[in-house]
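Summary of structural features
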Amino acid sequence: MSIILISCETHKQLFSVFILISMQPKLIIPADSTSRRVIAIFAHNESRRIVACLEALRLSPLPSNTTCYVIANGCTDDTVARATKYAQKASWVKVVDLKIGDKANAWNYFIHEIAIEAESYFFTDGDCLIESGALESLEQHLLKNTRINAASGVPSHRNPVTKNF
């Protein structure tokens with residue numbers, strides 16, 4: 001199992017993720033148990049960016065046995081509606097709508113209630129755009145070195161796609 005984190009958050013905020021317990025969601029859809037990669041996108045009021053985030057992942061490119069969960073947490077905008085509309089045309093996307101607007105709760109819900117067996121797990125935020133080839137590159141480097149347990153991507157403004165994002 002590989003764990004790969006891609007986030008726009010600071011390390012201090014990421015460590016706080018493990019201390020809160022999960023709450024019941026309004027919606028949960030199980031993933032295909034044969035997924036090679038599982039991606040969790042944590043989204044709070046990301047209606048402007050969630051479709052672009054999903055499109056960047058789709059174009060990254062993804063293997064056919066990838067499952068992506070959009071973990072909407074406490075959204076008061078139309079993030080859930082936009083992600084659900086996208087998922088209707090993309091069977092690899094599942095949407096979970098948590099009532100609590102708390103990233104640590106969303107993370108814990110994914111880890112303890114959703115996470116299925118997979119070779120690699122990726123975590124990102126709904127306002128991030130994954131550059132083409134980034135997931136595969138991180139995964140390959142992680143799997144080549146058995147002494148490494150996790151890898152992280154660094155946000156970049158050099159990417160012309162994300163420059164004005």
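For the structure itself, look to the data block above.
Sequence order as written defines the numbering, with residues in each chain counted from 1. Only residues with pLDDT of at least 70 are given local features in this predicted model, and only at 80 or more are side-chain atom pairs given and counted; all residues enter the totals for whole chains, interfaces and linings. Water and hydrogen atoms were dropped before computing side-chain values, which therefore reflect all heavy atoms in the structure.

Here's the deal with the overall build of the protein chain
Quick note on the threshold: The way it works is that DSSP assigns letters per residue, a run of H or I at least four long becomes a helix, a run of E at least two long becomes a strand, and they are numbered from the N terminus. Accessible areas in this description were obtained via Shrake-Rupley with a 1.4 Å probe; residue shielding takes into account the shown protein chains only.
Per the secondary structure count, the protein chain includes 5 helices and 6 strands. Ordered by position in the sequence, the α and β elements of the protein chain form the string β-α-β-α-β-α-β-α-β-α-β. Total accessible area on the protein chain stands at roughly 9,300 Å², and carbon and sulfur atoms take up 54% of it.

Description of the pattern of salt bridges
The criterion, for reference: Any carboxyl oxygen of Asp or Glu that lies within 4 Å of a side-chain nitrogen of Lys or Arg is treated as forming a salt bridge with it. In this scheme, a residue with accessible area under 20% of its type's maximum is buried, one over 50% is exposed, and one in between is partly exposed, where area comes from a 1.4 Å probe on protein chains only.
Tallied over the entire structure, the rule returns 7 salt bridges. Arginine 36 serves as the salt-bridge partner of glutamate 139, at 3.1 Å between the closest nitrogen and oxygen. With glutamate 139 in helix H5 (residues 134-144) and arginine 36 in the loop between helix H1 (11-15) and strand E2 (37-43), this pair connects stretches of sequence that are 103 residues apart. Here aspartate 125 ties to lysine 103 by a salt bridge, and the two come within 2.7 Å at their closest N and O atoms. Remark: lysine 103 occurs in helix H4 (residues 103-114) and aspartate 125 occurs in strand E5 (residues 120-125); sequence separation between them is 22 residues. On the accessibility criterion, aspartate 125 (4% relative accessible area) is buried. According to the relative accessible area criterion, lysine 103 is partly exposed, its value standing at 22%. The network of salt bridges with shared partners includes Arg36, Arg37, Glu119 and Glu139.

Some details on the nonpolar core
Selection rule: The criterion is simple. A nonpolar core is a set of buried Ala, Val, Leu, Ile, Met, Phe, Trp, Tyr and Cys residues joined through side-chain atoms within 4.5 Å. Note on contacts: a residue pair is in contact if any heavy atoms of the two residues lie within 4.5 Å.
Counting residues in each nonpolar core, the largest one holds 22 residues, and the members touching the most others are Ile41, Leu54, Leu57, Val70, Trp92 and Val93. Here tryptophan 92 is in contact with Leu54, Leu57, Arg58, Leu62, Thr66, Thr67, Cys68 and Tyr86, once residues within four sequence places are set aside. Residues Tyr69, Ile114, Ala118 and Tyr121 belong to the second largest nonpolar core, which totals 16 residues.

Some points on the environment of leucine 143
Looking at where leucine 143 falls in the secondary structure, it is placed in helix H5. The spatial distance from the C-alpha of leucine 143 to the C-alpha of glutamate 119 is 9.5 Å, given a sequence separation of 24 residues.

Some remarks on the packing of aromatic side chains
Filter applied, for reference: Any two rings among Phe, Tyr and Trp, with Trp reduced to its six-membered ring, count as a pair given centres within 6.5 Å; such a pair is stacked if its planes are under 30 degrees apart, edge-to-face if over 60, and tilted if neither.
Applying the stated criterion across every chain, the model contains 6 aromatic pairs. Taking the centre distance of 6.2 Å and the plane angle of 0° together, the rings of phenylalanine 42 and phenylalanine 123 count as stacked. A residue pair is termed long-range when its members are at least 10 positions apart, and phenylalanine 42 in strand E2 and phenylalanine 123 in strand E5 qualify at 81 residues. The residues phenylalanine 42 and phenylalanine 123 share a single accessibility class, namely buried. Linked through ring pairs, Phe42, Tyr69, Trp107, Phe110 and Phe123 together constitute an aromatic cluster.

Quick notes on helix H2 (residues 50-58)
The test is simple: Picture the helix axis, draw a direction to every C-beta atom, and the arc is the one those directions span.
All of the buried residues in H2 are Ile50, Cys53, Leu54, Ala56 and Leu57. All buried residues of H2 project into a common sector of 160° when viewed along the axis, lining one side. Residues of H2 that are buried in the fold lie against E2, strand E3 (66-73), helix H3 (79-89), strand E4 (93-98), E5 and H5.

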